[in-house]
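So the chains spell out like this:
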Amino acid sequence: MMTNYVFKLPKNRIYEFLNSLIAEYTVYAPVEGETSRFERITDACEVQFLPNRTDRSLKSIFFPPEEEFFKWKKEKDGYVVTDSLKPSPKKLIFGVRGCDVRALDILDRYMMGEFSDPYYKERRKNTVIIGMTCDYPRSSCFCTAFGGMIPHHYDLWFTDIGAYYLVEVGSDTGMKLIDSQFQKATEQDIKRKNQRIEKVELEIEKQTKINLCETKHCSQKIKTSVEHPMWKELAEICLACGKCNFICPTCHCFDVIDTTNLDGSEGARMRRWDSCHLYEYAKTSAENFRKERHARVRYRVFDKFVFPVMRYSTYACTGCGRCTDICPAGIDIREILREMIA
Amino acid sequence: MNPYIPNTAKITEIKDETPDTKTFTIETNMQFRPGQFVELSVFGYGEAPISISGGDGNSIDLTIRAVGNVTNKIHEMQPGDVVGLRGPFGNGWPYEKAKKKNLLIVAGGIGLAPLRPVVEYVMQHRAEFEDVTLLYGARKPSLMLFKYRFDEWAKKMDLLLTVDEPEPGWTGHVGVVTTLCDKIRHVANTITLMCGPPVMMKYVSMLLIELGFPPSEMYLSLERNMKCGIGICGHCAVGGVYVCRDGPVFPLHKALRFVEKPHEVQGVLD
Ligand SMILES: Cc1cc2nc3c(=O)[nH]c(=O)nc-3n(C[C@H](O)[C@H](O)[C@H](O)COP(=O)(O)OP(=O)(O)OC[C@H]3O[C@@H](n4cnc5c(N)ncnc54)[C@H](O)[C@@H]3O)c2cc1C
Ligand code: SF4
Ligand code: SF4
Ligand code: FES
C-alpha cells in the first residue's frame, strides 16, 4: 500500500486526465439517464460528477443480466459446443463509491474465491478502480455500518477539497497513472480531506443508527432471529417481486436457460439473473423448499448478514441502500437490522 | 477448464426400470465416487442434476424419472443419441467409514439410484464390512428400481423390501419404510446411508434415533434445485451450505444444526 503517496489535481484538469485514460483503457464512468449508472464513455465530457452513488451498481459490467455460456449445433454424429467466453478489454472505472468497491470485493469472493466463474473472472481481471468520496449521502445510505466511505482496496481515490481533488494512491497501478499534472498534496490539503470525510460520515451515522462493525457478534445476534415474528409481518407486505435482489450489487444468483431455433438444430445456453424472493427459486420436482414468503424474506436477509459471514467472513451488504430505495412495499433493510440487533 | 461447458457423450443402452423410470448407460471415462451426481444436458431443453447409479470406467449409468423438461426429453431418446455431461459433482457417500462396521442403507423410491454404487461396491468387497442391510421402500412393487439385481443382492446382505400398496403377486412386506426398522439387526457400530423423499428421511431419522443410532453416524443425501452444480448460482443453498458442493450428503447431526433447518429433518430431535 502506498497511502502515503498523496497528490492533488486541479479540478479543471480532470477532463484532460480522463481523456488520457480513455486513450489507454475501456473507461466506465457515471452517466445520467432515466437512472444513473456506469457506462462506457468515449469522451470525458460524458461523465456526470454526481454527489453520491449511482442508482445502479457496477454489477452488470462484470455480471450482466443475461449472458451466453456457449452455443451448440447439431451435427451428423452429435453436437458441437462452442464456448462464448470472449477476451475482455482492460477496464478502468472512474468515480466508484466506497460501497461499490466493497461490493466488488464481496462479489469476487463468491465468483473467484472458493469457486471460480470464468466469465466473471475474464471481465474482472485487470480492472482499475478510481474511487471518489461522496459529497453528501442519499437518505438510504448506511455504509458507515460497514466501515465507512473509504474502502480498503482501490488504485486511486479522489476527494473534492475545493479547487482541487485530493488524490490518494492505493496501488502500483494507481501510481503509474499519476502524471505531471498532479501536484504534491500539503498537510493542509490532507486535513481538509479528512474533515470532509468526517463530516459526511457523521451525517450518515446520524441517519443510520446501526453499527455492524463487530461482524461476528452482530451476525450471531441476527442468526438467532430465525423465529422472530418480524419475518411474517414483512411477508405480509413484501410483493416477492425480487427487485431488491436485482438492484443489489452483491446478489449474484442466476438461472440457466437453453434456447433453440425452430427446427432444434442449433441453440445456446445462457444464464439470467435470478432472485431468491421468487416463488420458484427453491422448487424441485419433489418439493418447494421455501414455499412460504416469510422464509424467502428471511433467507435474503440471512444471505446478507449470516451465511456469508460463516463462509467468507464478510457481510454481503455494503450499506448502499439501493434495496430500500427500490422496494415498492417500502421495506427498509435498516429497520430490519435495527429490529434484529436491538 | 470452463466448468459450465458440458462434454458430449453417447447413450449406449437404455433399460426400462418402471413405467416412468429408465436407466441410461452413457459412454464416458468419468471417474466418480458413489453418491456423486452429474449435470445432464439435453441440448435445447436444459440441464438437470442426476445421480450416478453405476459405472465401470468406460460408462456411467443414470437412472432417471420423467418429470419435466429434460427428463421427459431424454426418455424419448434412443441408443446412439448424444447428451451433455458436466461433473461429477458433490461429495458422495462416506461408505469407507463403514468398513469393519455394520452398514445400513435406507432408500425410498428413486432414492435408491444414488445408493446403488454403494450396494454394488459391497457386492464386490463384501468382506470389508460386517453386517450389511438394505432397506428399500417404494409406493408399489412395479415402481421398484433394479429388481433384476435383487436376487444377487440378497445373497450378500439383508435385503428388506416394502411397498405402500401391494399389487397382485406381491408377497412381501406392506407398509412405509419405518415399519421395517424393527428388523434391523444391529444398532451399535453402524453407519447409516439414507436417500429418499423428505418425509421418509424425516421419519426414518426420528425412528433410528429412538432405536439408539447416533445422528453423527447417519448420513442423508439432500435434493435441492440446482442450476450450476459448482457453488455459484445460489439455488441449492440451505442454511449457509451449498448442497451441490458441500453435499449432497450430510451427517444428520450437521444437518440438524443448519441455520435454516432442512425440511428433511424438521421435527427431528425438536
Ligand atoms: C443431487 C441430485 C440428484 C438427483 N438424482 C436424480 C436421479 O438420479 N434420478 C432422477 O430421476 N432425478 C434425480 N434428481 C431430481 C432431478 O434433478 C429433477 O427431477 C429435475 O429437476 C428434473 O429436471 P427436468 O428438467 O426434467 O424438470 P423441470 O422441467 O425442471 O421440471 C421440474 C419441475 O417442474 C415440475 N414438473 C414439470 N413437469 C412435470 C410433470 N409432468 N409432472 C410433475 N411435475 C412436473 C416439477 O414438479 C418440478 O418442480 C436429482 C436431484 C438432485 C439435486
Ligand atoms: S442488501 Fe441493500 S443495502 Fe445491502 S448491498 Fe444489497 S442493495 Fe445495498
Ligand atoms: S423489493 Fe421489496 S417487495 Fe420486492 S421482493 Fe424485495 S422486499 Fe419484497
Ligand atoms: S447448484 Fe448452483 S450453487 Fe449449488
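Quick notes on the rules
- Residues numbered from 1 in each chain as written.
- Chains lettered and ligands numbered in written order.
- Predicted model: local features only at pLDDT ≥ 70, side-chain atom pairs only at ≥ 80, totals over all residues.
- Heavy atoms only, no water.
- Helix = DSSP H or I, 4+ residues; strand = E, 2+ residues; numbered from the N terminus.
- Rg over C-alpha atoms; globule rule 2.2 N^0.38 Å.
- Buried < 20%, exposed > 50% of the residue type's maximum accessible area, 1.4 Å probe, protein only.
- Contact = heavy atoms within 4.5 Å.
- Lys, Arg positive; Asp, Glu negative; His and termini not counted.
- Charge placed at Lys NZ, Arg CZ, Asp CG, Glu CD.
- Near = heavy atom within 4 Å.
- Nonpolar A, V, L, I, M, F, W, Y, C, P; charged D, E, K, R; others polar.
- Pairing = 2+ DSSP bridges.
- Axes fitted to C-alpha atoms, helices over the stretch in contact; angles between N-to-C directions.
- Domains from an automatic or database assignment.
- Buried area = accessible area lost by both parts, 1.4 Å probe.
- Salt bridge = Lys/Arg side-chain N within 4 Å of Asp/Glu carboxyl O.
- Parallel < 35°, antiparallel > 145°, perpendicular 65-115°, else oblique.
- Left-handed = near helix turned anticlockwise from the far one by under 90°.
- Polar contact = N/O pair within 3.5 Å; in protein donor to acceptor, adjacent residues only side chain to side chain.
- Areas by Shrake-Rupley, 256 points an atom, 1.4 Å probe, with all protein chains shown as cover.
- Phe/Tyr/Trp six-rings, centres within 6.5 Å; stacked < 30°, edge-to-face > 60°.
- Lys NZ or Arg CZ within 6 Å of the ring centre and 35° of its normal.

A. Spatial organisation of the overall build of chain A. When helices and strands are counted, chain A shows 13 helices and 12 strands. Over its C-alpha trace chain A gives a radius of gyration of 22 Å, about what one expects of a compact globule, namely 20 Å for 342 residues. Taking the principal axes of the C-alpha coordinates as reference, chain A spans close to 65 × 60 × 35 Å. Every one of the 342 residues in chain A was classed for burial, and the buried ones make up 56%. Within chain A, contacts between residues at least 6 apart in sequence are counted, and of these 74% link residues at least 24 apart. Of the charged side chains in chain A, 52 are positive and 49 negative, and the gap between their average positions amounts to 2 Å.

B. Representation of the site of ligand 2 in the model. Taken together, Phe142, Cys248, Pro249, Arg300, Lys304, Cys317, Thr318, Cys320, Gly321, Arg322 and Cys323 of chain A make up all the residues around ligand 2. Class assignment for the residues of the shell around ligand 2 results in six nonpolar, two polar and three charged.

C. Main features of the environment of Tyr312 of chain A. Locating Tyr312 of chain A in the fold gives a position in helix α11 (residues 307–312). Separated by 105 residues in sequence, Tyr312 of chain A and Gln207 of chain A place their C-alpha atoms 28 Å apart. Residues within four places of Tyr312 of chain A in sequence aside, it is in contact with Arg109, Tyr110, Glu114 and Phe115 of chain A together with Tyr242 of chain B.

D. Structural detail: the sheet that holds strand β12 (residues 266–273) of chain A. Residues and elements named next belong to chain A. Pairing is antiparallel in the open sheet, where four strands are placed in the order β5-β4-β12-β11. If you trace the sheet from one side to the other, it starts and ends with β5 (78–83) and β11 (254–260), each paired once. Averaged over neighbouring strand pairs, the angle between their axes works out to 25 degrees when direction is ignored. When strand β4 (residues 66–75) meets β12, the two strands line up antiparallel, connected through seven bridges. The residue of β12 that forms the bridge with Glu66 is Arg272.

E. Layout of the domain arrangement of chain B. All names here are of chain B. Domain boundaries in chain B define domain 1 (7–89) and domain 2 (95–265). Computed over C-alpha atoms only, the centres of domain 1 and domain 2 are separated by 21 Å. Tallying the contact residues gives 24 residues for domain 1 and 22 residues for domain 2. Between domain 1 and domain 2 lies a buried interface of about 1700 Å² when both sides are counted; carbon and sulfur atoms form 60% of it. Taken together, the connections running from domain 1 to domain 2 amount to one salt bridge. A breakdown of the residues in the side of domain 1 that touches domain 2 according to their chemical character gives eight nonpolar, eight polar and eight charged.

F. Spatial organisation of the packing of helix α8 (residues 230–237) of chain A against helix α13 (residues 333–341) of chain A. Residues and elements named next belong to chain A. Put simply, α8 and α13 touch, their axes get as near as 12 Å, and they point 165 degrees apart. Between α8 and α13, the crossing angle belongs to the class labelled roughly antiparallel. Crossing handedness for the pair α8 and α13: right-handed. Contacts between α8 and α13 involve Met230, Trp231 and Leu234 on the former and, on the latter, Ile336, Glu339 and Met340. Class assignment for the residues of the contact of α8 with α13 results in five nonpolar, no polar and one charged.

G. Just the pairing of strand β1 (residues 6–10) of chain A, in detail. Residue and element names in this part refer to chain A. β1 sits mainly inside the fold: five of its five residues count as buried. Here β1 shows a buried face lined by Val6, Lys8 and Pro10 and a second buried face lined by Phe7 and Leu9. Alignment of β1 against strand β9 (residues 164–169), held across five bridges, turns out to be antiparallel. Bridging from a neighbouring strand, Val6 pairs with Glu168 of β9.

H. Spatial organisation of the interface of chain B and chain A. Between chain B and chain A, the contact holds 40 residues from the first and 47 residues from the second. Taken together, both faces of the contact between chain B and chain A bury some 3500 Å²; the carbon and sulfur share is 60%. When residues of chain B are sorted by the area they lose upon contact with chain A, Tyr4, Ile232 and Val259 of chain B head the list and together hold 19% of the total. In this structure, Arg269 of chain A engages Glu47 of chain B in a salt bridge whose closest nitrogen and oxygen atoms are separated by 3.3 Å. Within the residue set of the side of chain B that touches chain A, elements represented by two or more residues are β1 (7–18), β3 (37–42), β4 (46–55), β13 (237–238), β14 (241–242) and α5 (243–246) of chain B. Within the side of chain B that touches chain A, the residues separate by chemical class into 19 nonpolar, 12 polar and nine charged.

I. The side chain of Asp258 of chain A, seen in detail. Summarising the element assignment, Asp258 of chain A is placed in strand β11. Among the polar contacts made by the side chain of Asp258 of chain A, one reaches the side chain of Arg269 of chain A at a distance of 2.6 Å. At 3.2 Å, the side chain of Asp258 of chain A forms a polar contact with the backbone nitrogen of Gly46 of chain B. Beyond its immediate sequence surroundings of up to four residues, Asp258 of chain A is in contact with Trp72, Ala268 and Arg269 of chain A together with Val42, Phe43, Gly44, Tyr45 and Gly46 of chain B.

J. Quick look at the site of ligand 1. Every one of the 21 residues lining ligand 1 counts as a neighbour, but Lys283 and Ser285 of chain A together with Pro49, Val67 and Thr71 of chain B are closest to it. Looking at the residues close to ligand 1, they fall on chains A and B. Take Lys283 of chain A: an N or O atom from its side chain is 2.7 Å from an oxygen atom of ligand 1. With respect to ligand 1, the side chain of Ser51 of chain B contributes an N or O atom lying 2.9 Å from a nitrogen atom. Calculation on ligand 1 without its partners gives an accessible area of 980 Å², and the protein chains cover 70% of this total. Going through the elements one at a time, β4, β5 (59–65) and α1 (69–75) of chain B are the ones with two or more residues in the shell around ligand 1.

K. Geometry of the packing of aromatic side chains. Applying the stated criterion to the full structure yields 36 aromatic pairs over all chains. Where Phe158 of chain A meets Tyr165 of chain A, the ring centres are 5.5 Å apart and the plane angle is 55 degrees; that geometry is what we call tilted. According to the relative accessible area criterion, Phe158 of chain A is buried, its value standing at 0%. What makes Tyr165 of chain A buried here is its relative accessible area of 7%. For the pair Tyr136 of chain B and Phe150 of chain B, a centre-to-centre distance of 6.4 Å together with 80 degrees between the ring planes defines the contact as edge-to-face. Of this pair, Tyr136 of chain B sits in strand β8 (residues 132–138) while Phe150 of chain B sits in helix α3 (residues 150–156), placing them 14 residues apart in sequence. Directly above the aromatic system of Trp273 of chain A lies the positively charged group of Lys59 of chain A, at a separation of 4.3 Å from the ring centroid. Sitting over the ring of Phe146 of chain B, Arg116 of chain B keeps its end group 4.5 Å from the ring centre.

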